[in-house]
Amino acid sequence: METPVNTENEAGAIGPTINAQVSRSGDDKHTPLLALYGLRLFGKPPPFTRRQWRVFGIAATAGFFDNYDRALLSLALKQIQQGLGIAEARLGAMLSSIRLGYLLSLMVTPFADVFGRRRLLLYTIVGYTIFTGLSAVAPSQGYFVTCQIFARALAGAEATVALVILTEEVSAGIRGWAVGYLGALILVGYGLAAGVFAFVNVIPFGWRGLFAIALVPLVLIVPLRRALPESQRFEREKLRGVRPTNVFQPLAALFRTYPARLSMLTSVQFLAQMGANSAGAFLPKYLQEAHHWRPGQVSSLFIFAGALGILGNIVAGRMSDRIGRRRLGGTFLFLAPVFAMLVFTTRSNWVILFWILQLFSDTASATILSAYSVELFPTSYRSTAGSALSVAGTTGGALGLFFEGILYGVTGSHWIAIRYLAISWMLSPIIVFTFFPETAGRELEEISPDATLAASSAAIP
């Protein structure tokens with residue numbers, strides 16, 4: 001049964017007491033020097049407290065190296081293929097198998113709802129870092145794929161938990177801004193991967209040396225254990241005795257309490273990724289074959305033009321706090337496939353502008369969907385819900401690549417097939433405009449009251 005959105009605080013809910021996460025010990029608004037000067041490229045940072053900056057910094061660092069690892073797989077695919085002797089016909093199946101590793105994250109994230117965000121975040125950082133490092137010494141294709149599958153499963157869980165703990169710590173008025181700022185910073189990991197890839201023939205051990213760089217987060221684990229606090233919302237639920245006691249309870253609650261919200265959120269992500277994933281996967285091939293670009297030109301586009309595109313994270317996050325998630329999210333979800341169609345239609349240099357606008361719209365809509373994924377569900381299974389969004393996107397992306405192959409057989413052109421797939425992408429904003437509630441500026445307990453907490457509060461005379 002769908003639980004309606006409550007416009008007033010439930011009895012016993014945390015409510016406005018979490019609105020400003022400011023401790024009485026002087027933990028007021030604070031901007032570190034690194035954020036004040038080093039991050040100016042991304043605009044003015046959100047007004048975090050010291051505690052919130054610690055959470056944000058750890059989440060951004062973990063996400064940065066996760067994106068570095070993901071980018072390496074596509075950038076160094078040729079070198080990996082040669083080094084492990086992978087047949088050309090098996091490349092597609094290998095990449096698909098690795099991508100499906102994100103589905104396993106749904107088995108990991110419920111532990112954050114049971115044992116705590118902090119503990120699982122640290123464990124997943126260690127886990128995906130180790131498996132990425134083991135990929136560097138892979139003696140065979142099977143070993144490499146296995147390591148990458150486990151790395152993807154843990155990285156997907158890490159990204160979800162990092163987002164959850166950040167949104168649970170910041171105040172309602174800057175929640176979208178914080179999510180967008182985090183999204184922009186972690187995408188810089190792609191830029192680092194593109195930069196070091198230029199030296200793949202110079203770095204010791206080639207592509208294996210590039211994967212070994214991903215072991216750096218292990219050095220940070222000891223200080224992270226001391227600096228990372230537990231989510232205050234999780235701690236309050238723990239004290240009240242309403243948190244889940246086993247990993248199956250969050251999964252069951254996810255489908256039982258807010259089924260309509262789960263359906264609409266996963267449907268939007270599924271449809272969007274059916275079109276977006278194919279467009280992203282075939283873009284380098286399209287630029288080289290249809291526009292006759294050299295690999296160096298493709299890399300330059302990704303680094304320099306891509307830097308403009310990822311600002312969509314920050315713009316969408318900050319604007320959605322002011323004018324609303326639903327209106328802005330639906331608009332960007334409509335614009336992204338429109339620009340994707342233009343990218344795969346034009347044969348002129350307009351392709352650069354169209355791709356920047358597509359990436360801007362895509363990252364903007366992703367930021368808003370990420371915010372929705374944690375806002376629409378209660379604390380007791382918020383991490384599990386965030387992982388469900390990742391699973392829906394992974395499934396939609398994989399199915400989109402499958403349909404692209406079928407459409408290619410019918411049309412004889414990858415580019416026409418991708419334009420057809422963009423139609424599914426254009427269905428997603430209809431769902432947002434029609435069914436999504438407005439969440440901007442509202443406390444998490446107001447948006448998604450926990451039925452268990454409400455019941456226990458009602459039982460008190």
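As shown above, the structure is provided for reference.
The numbering scheme is per chain: residues are counted from 1 as the chain's sequence reads. In keeping with the predicted nature of the model, local features appear solely for residues at pLDDT of at least 70, side-chain atom pairs appear and are counted solely at 80 or more, and the whole-chain, interface and lining totals rest on all residues. To get the side-chain values, take all heavy atoms of the structure and skip hydrogens and water.

A. Molecular detail of the overall build of the protein. Of regular secondary structure, the protein possesses 22 helices and zero strands. Exposure classes here rest on a 1.4 Å probe applied to the protein chains alone. A residue is buried below 20% of its type maximum, exposed above 50%, and partly exposed in between. Looking at the protein residue by residue over its 461 residues, the buried ones come to 55%. Contacts are assigned to residue pairs with any non-hydrogen atoms lying within 4.5 Å of each other. Long-range pairs, those at least 24 residues apart, make up 84% of the contacts in the protein with a sequence separation of at least 6. Of the roughly 19,400 Å² of accessible surface on the protein, a fraction of 66% belongs to carbon and sulfur atoms. Here a strand is any run of E in DSSP of at least two residues, a helix any run of H or I of at least four, and the numbering for each starts at the N terminus. Computed with a 1.4 Å probe, the accessible areas rest on the Shrake-Rupley method; for each residue, only the protein chains presented here act as cover.

B. Geometry of the side chain of S361. As for its placement among the helices and strands, S361 is situated in helix 18 (residues 350–375). For S361, a relative accessible area of 2% puts it in the buried group. If we ignore the near neighbours within four places in the chain, the residues touching S361 are F332, L335, A336 and F339.

C. Examining the packing of helix 2 (residues 50–75) against helix 6 (residues 117–135) more closely. For the pair helix 2 and helix 6, interaxial distance at closest approach is 11 Å and the crossing angle is 25 degrees. Regarding the angle of helix 2 to helix 6, the classification is roughly parallel. The element helix 2 and its partner helix 6 pack so that their crossing is left-handed. Contacts from I58, A62, F65, D66 and D69 in helix 2 reach L121, I125, Y128 and T132 in helix 6. Interaxial angles span 0 to 180 degrees and are taken between N-to-C directions of axes, which are lines fitted to C-alpha atoms, for helices over the stretch in contact. Should an angle fall under 35 degrees it is called roughly parallel, over 145 degrees roughly antiparallel, and 65 to 115 degrees roughly perpendicular, with every other angle called oblique. Each crossing gets its handedness from the near helix: less than a right angle anticlockwise from the far helix is left-handed, clockwise is right-handed.

D. Looking closely at helix 13 (residues 248–256). Every buried residue belonging to helix 13 is among P250, A253 and L254, and all of these are buried. One side of helix 13 carries all its buried residues, which in axial view fall inside an arc of 105 degrees. Looking at helix 13, the residues exposed on the side facing more than 90 degrees away from the buried face are F248, F255 and R256. In this structure, the buried residues of helix 13 make contact with helix 5 (110–115), helix 14 (259–289) and helix 19 (382–411). By construction, the arc corresponds to the directions joining the helix axis to the C-beta atoms.

E. Summary view of the nonpolar core. By nonpolar core we mean a set of buried residues, namely Ala, Val, Leu, Ile, Met, Phe, Trp, Tyr and Cys, connected to one another through side-chain atoms within 4.5 Å. Core analysis: the largest hydrophobic core is formed by 34 residues, its most contacted members being F48, F56, L121, Y128, L166 and L228. Taken together, the elements giving at least two residues each to this core come down to helix 2, helix 6, helix 7 (141–169) and helix 8 (175–186). The leading source of residues in this core is helix 2, at nine residues. The residues contacting Y128, other than those within four sequence positions of it, are A62, F65, D66, A151, L154, A155 and E158. Judged by nonpolar contacts, the second largest core, of 31 residues, contains A253, L271, V432 and F436.

F. A look at the environment of R294. Mapped onto the elements of the fold, R294 is located in the loop between helix 14 and helix 15 (295–309). Between the C-alpha atoms of R294 and P284, which are 10 residues apart in sequence, the distance is 9.7 Å.

G. Up close: unusual backbone geometry. Unlike most non-glycine residues, F205 shows phi in positive territory, near 70 degrees. Among the secondary structure elements, F205 is positioned in the loop between helix 9 (188–197) and helix 10 (207–212). The phi dihedral of H292 falls on the positive side, at around 60 degrees, and the residue is not glycine. Within the secondary structure, H292 sits in the loop between helix 14 and helix 15.

H. Structural detail: the pattern of salt bridges. By definition here, a salt bridge exists when the distance from a side-chain nitrogen of Lys or Arg to a carboxyl oxygen of Asp or Glu is within 4 Å. According to the stated counting rule, one finds 10 salt bridges in the structure shown. Notably, a salt bridge pairs D69 with R152, separated by 3.2 Å at the nearest N-O pair. Of this pair, D69 sits in helix 2 while R152 sits in helix 7, and the two are 83 residues apart along the sequence. The same class applies to D69 as to R152, namely buried. Salt-bridge contacts for K285 lead to E289; the nearest nitrogen and oxygen are separated by 2.7 Å. Here K285 pairs with E289, and both are found in helix 14, just four residues apart, close to one helical turn. Since its relative accessible area comes to 33%, K285 is described here as partly exposed.

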